[in-house]
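Survey of secondary and tertiary structure
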Amino acid sequence: QVQLVESGGGLVQAGGSLRLSCAASGRTFSSYAMGWFRQAPGKEREFVGFIIRSGTSTYYADPVKGRFTISRDNAKNTVYLQMNSLKPEDTAVYYCAATQRPASDSSRRYDYWGQGTQVTVSS
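Notes on the structure in this doc start here. (Residues numbered from 1 in each chain as written. Predicted model: local features only at pLDDT ≥ 70, side-chain atom pairs only at ≥ 80, totals over all residues. Heavy atoms only, no water.)

**Quick look at the overall build of the chain**
A count of helices and strands for the chain gives 0 helices and 11 strands. In the chain, the succession of helices and strands from N to C terminus is β-β-β-β-β-β-β-β-β-β-β. Taken over the C-alpha atoms alone, the chain extends approximately 40 × 25 × 25 Å along its principal axes. Expressed as a percentage of the 123 residues in the chain, the buried residues total 44%. Counted over contacts in the chain with a minimum sequence separation of 6, partners at least 24 positions apart contribute 57%. Of the side-chain charges in the chain, 14 are positive and 9 negative, and the distance between the mean point of each set is 5 Å. (Helix = DSSP H or I, 4+ residues; strand = E, 2+ residues; numbered from the N terminus. Buried < 20%, exposed > 50% of the residue type's maximum accessible area, 1.4 Å probe, protein only. Contact = heavy atoms within 4.5 Å. Lys, Arg positive; Asp, Glu negative; His and termini not counted. Charge placed at Lys NZ, Arg CZ, Asp CG, Glu CD.)

Laid out in structure tokens, this is it:
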């Protein structure tokens, strides 16, 4: 089992940047693929991107491709979401999630979730 805690959210102007962190408990972090999802008010949770266990491959949803970057430090049990060129439509609660299955863009494939961190982008 793994527990996840996100941090780094906040209020930023359009065009700005934020870096979210997701710290995981446990000694087997490297056995988990990690995903990032977000949920805006009144909308369903949507996939942002994922990173495989080794950190050597990532995949992003089209709305964030080229602006967001996911990385991980398995020695620190932490995964990051670097968000650049933020837009008001990026406003949402951002969640990290972990799975021991292969990485996926489906939230149903993830077993562990953090509590979320709010990101608000003002225009």
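**What about the environment of Q13?**
Mapped onto the secondary structure, Q13 falls in strand β2 (residues 10-13). With 17 residues separating them in the primary sequence, Q13 and S30 have C-alpha atoms 34 Å apart. Discounting chain neighbours no more than four positions away, the residues touching Q13 are V121 and S122.

**Points about the environment of Q82**
Mapped onto the fold, Q82 is located in strand β8 (residues 78-83). Discounting chain neighbours no more than four positions away, the residues touching Q82 are S17, L18, R19, R67, F68 and T69. Separated by 2.9 Å, the side chains of Q82 and N84 make a polar contact. (Polar contact = N/O pair within 3.5 Å; in protein donor to acceptor, adjacent residues only side chain to side chain.)

**Observations concerning the environment of G26**
Positionally, G26 belongs in the loop between β3 (18-24) and β4 (33-39). Each C-alpha atom of the pair G26 and V2 lies 5.9 Å from the other, and the pair is 24 residues apart in sequence.

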